[in-house]
Amino acid sequence: MLSRWMNTAIIATAIIILIGVTQVYTENAAAGRSLSKAAGLEQLLHTADDVIEHADQWVIKWQAEGKGDARAQAAKLAVSLGLADPVQILQTGHHVYRSEGTVGVSGSAVEVLLNAADTEEDRYYIIVQLLGGKKLDRQRLLSLHEQVGEIMAESGLQASWNMSVQGMLPTKDASKASMGDADKKTGEPFAGIEAKLFRELHMMEVERYEDTATKSVSYQAAELPLQVQSGPHMLNMQLAVHQISGQGDTRVTVGFPVITIEY
């Protein structure tokens, strides 16, 4: 559990940097049309289904900056979210207050993780994560997602959110991907997934990264409800396919508007 919390803290620090540089925010890109938090999430879940046939990890991150006492805000949010009293640790020179809990029955439960970190004098950063596994209860996730947004708003926080979904390629596709040269390991499965998405969305490639084991592309897709500024471009989605070293397995990750977990 400690290792998991340490990883969460590292991720939290990375997200603080990410948000500070790129100003992630929730916005409906279609003028004059407003989506509720649940409706926006449903749209992204549908898109994720087009990318990953058998997802095994779902991560939603709500985040916000605030002014005041991080410990007090963490305690207040923990009560509202039905979590235990936050525990304090020191991470990369910052005091971090953490709590966790689960909602639902074992197997299909949604895990809730709360992190509140002091960032500078009299200021703090909050991250509330919702995590689900292979048998995720989507209706419970939708309900919790909306609830977290409302709780953070009621606490005076202007929060934004993002989502990442991850899974492995089916065995038959992974076997094909493991044959041939390095480019085919990621290139062929990536092309198939991308083709599905282009049938569903009006997308434009904006940024690309490739090496021998990984292929990652970011897109502008104005139909999607989340976006992030990256240089002169607005990004709505990032797709990555990664060949796991020494295993022959291929992992697929999609992020809205960008991937915020390891891929």
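Check the entry above for the structure.
The shown structure was predicted, so the numbers you read here are calculated from the model rather than taken from an experiment. (Residues numbered from 1 in each chain as written. Predicted model: local features only at pLDDT ≥ 70, side-chain atom pairs only at ≥ 80, totals over all residues. Heavy atoms only, no water.)

*Asks:* Provide a residue-level description of the sheet that holds strand 8 (residues 204-210), including the pertinent values.
*Replies:* Either a parallel or an antiparallel arrangement is found when strands of a sheet pair, and the pairing is made through backbone hydrogen bonds. Read across the open sheet, the 10 strands follow the order 3-4-5-6-2-7-13-12-9-8; overall the sheet is antiparallel. Every other strand in the sheet has two partners, leaving strand 3 (87-91) and strand 8 as the edge strands with one partner each. Ignoring strand direction, the axes of neighbouring strands in this sheet form an average angle of 20°. Where strand 5 (residues 110-120) meets strand 6 (residues 123-132), nine bridges bridge the pair, whose relative direction is antiparallel. The residue of strand 6 that forms the bridge with Leu114 is Val128. Packing against the sheet, helix 3 (residues 70-81) makes contact with strand 3, strand 4 (94-103), strand 5 and strand 6, and its axis sits at approximately 165° to strand 5. Seen against the sheet, helix 4 (residues 138-154) touches strand 2 (55-67), strand 4, strand 5, strand 6 and strand 7 (160-168) and runs at an angle of roughly 5° to strand 2. (Pairing = 2+ DSSP bridges. Helix = DSSP H or I, 4+ residues; strand = E, 2+ residues; numbered from the N terminus. Axes fitted to C-alpha atoms, helices over the stretch in contact; angles between N-to-C directions. Contact = heavy atoms within 4.5 Å.)

*Asks:* Mind laying out the nonpolar core, listing which residues take part and the relevant values?
*Replies:* In terms of nonpolar packing, the biggest core is built from 54 residues, with Ile126, Val128, Met152, Met163, Met237 and Phe256 touching the most fellow members. Top element by residues in this core is helix 4. It accounts for six residues. In contact with Met163, other than residues within four places in its own chain, are Leu41, Leu44, Leu45, Val59, Ile60, Val254, Gly255, Phe256 and Val258. By size, the runner-up hydrophobic cluster in this structure holds six residues, among which are Val59, Leu131, Ile259 and Ile261. (Core = buried A, V, L, I, M, F, W, Y, C linked by side-chain atoms within 4.5 Å. Buried < 20%, exposed > 50% of the residue type's maximum accessible area, 1.4 Å probe, protein only.)

*Asks:* So, the pairing of strand 4: which residues are in play, and what are the values?
*Replies:* Where strand 3 meets strand 4, five bridges bridge the pair, whose relative direction is antiparallel. In the strand pairing of strand 4, Gln88 is matched with Tyr97. Pairing analysis gives eight bridges linking strand 4 to strand 5, with the strands arranged antiparallel. By the bridge assignment for strand 5, Tyr97 is matched with Ala116. Linking two consecutive strands that pair antiparallel, namely strand 4 and strand 5, is a turn of six residues; a positive phi of about 110° is found at Gly104 within it.

*Asks:* Could you give an account of the side chain of Gln63, naming the residues involved and the relevant values?
*Replies:* Considering the arrangement of structural elements, one finds Gln63 in strand 2. By relative accessible area, which is 1% here, Gln63 ends up buried. At 3.2 Å, the side chain of Gln63 forms a polar contact with the side chain of Asn162. (Polar contact = N/O pair within 3.5 Å; in protein donor to acceptor, adjacent residues only side chain to side chain.)

*Asks:* An account of the pairing of strand 7 is needed here, citing residue identities and associated values.
*Replies:* Across the nine residues of strand 7, eight count as buried, placing the element largely inside the fold. Pairing of strand 2 with strand 7, which is carried by eight bridges, proceeds in the antiparallel orientation. Bridging across to strand 7, Ala55 finds its partner in Gly167. Sheet topology places strand 7 next to strand 13 (residues 250-256); six bridges connect them, and they run antiparallel. From the neighbouring strand, Ser164 faces strand 13, where its bridge partner is Gly255.

*Asks:* Describe the pattern of salt bridges, listing the residues and the values that go with them.
*Replies:* Overall, the coordinates contain four salt bridges when judged by the stated rule. A salt bridge links Asp137 to Arg140; its shortest N-O distance comes to 3.5 Å. Looking at Arg140, the relative accessible area reads 32%, which means it is partly exposed. Between Glu210 and Arg208 there is a salt bridge, with its nearest N and O atoms 3.1 Å apart. By relative accessible area, Glu210 is classed as partly exposed at 41%. Shared partners join several salt bridges into a network, and the residues in it are Glu205, Arg208 and Glu210. (Salt bridge = Lys/Arg side-chain N within 4 Å of Asp/Glu carboxyl O.)

*Asks:* Tell me about the packing of helix 2 (residues 37-51) against helix 4, and name the residues and values.
*Replies:* Closest axis-to-axis distance for the helix 2/helix 4 pair is 9 Å, and the angle between their directions is 140°. Classed by the angle they form, the pair helix 2 and helix 4 counts as oblique. Regarding helix 2 and helix 4, the two cross each other, and that crossing is right-handed. Residues Lys37, Ala38, Leu41, Glu42, Leu45 and Asp49 of helix 2 pack against Arg138, Leu141, Leu142, His145, Glu146, Gly149 and Glu150 of helix 4. A breakdown of the residues in the contact of helix 2 with helix 4 according to their chemical character gives five nonpolar, two polar and six charged. (Parallel < 35°, antiparallel > 145°, perpendicular 65-115°, else oblique. Left-handed = near helix turned anticlockwise from the far one by under 90°. Nonpolar A, V, L, I, M, F, W, Y, C, P; charged D, E, K, R; others polar.)

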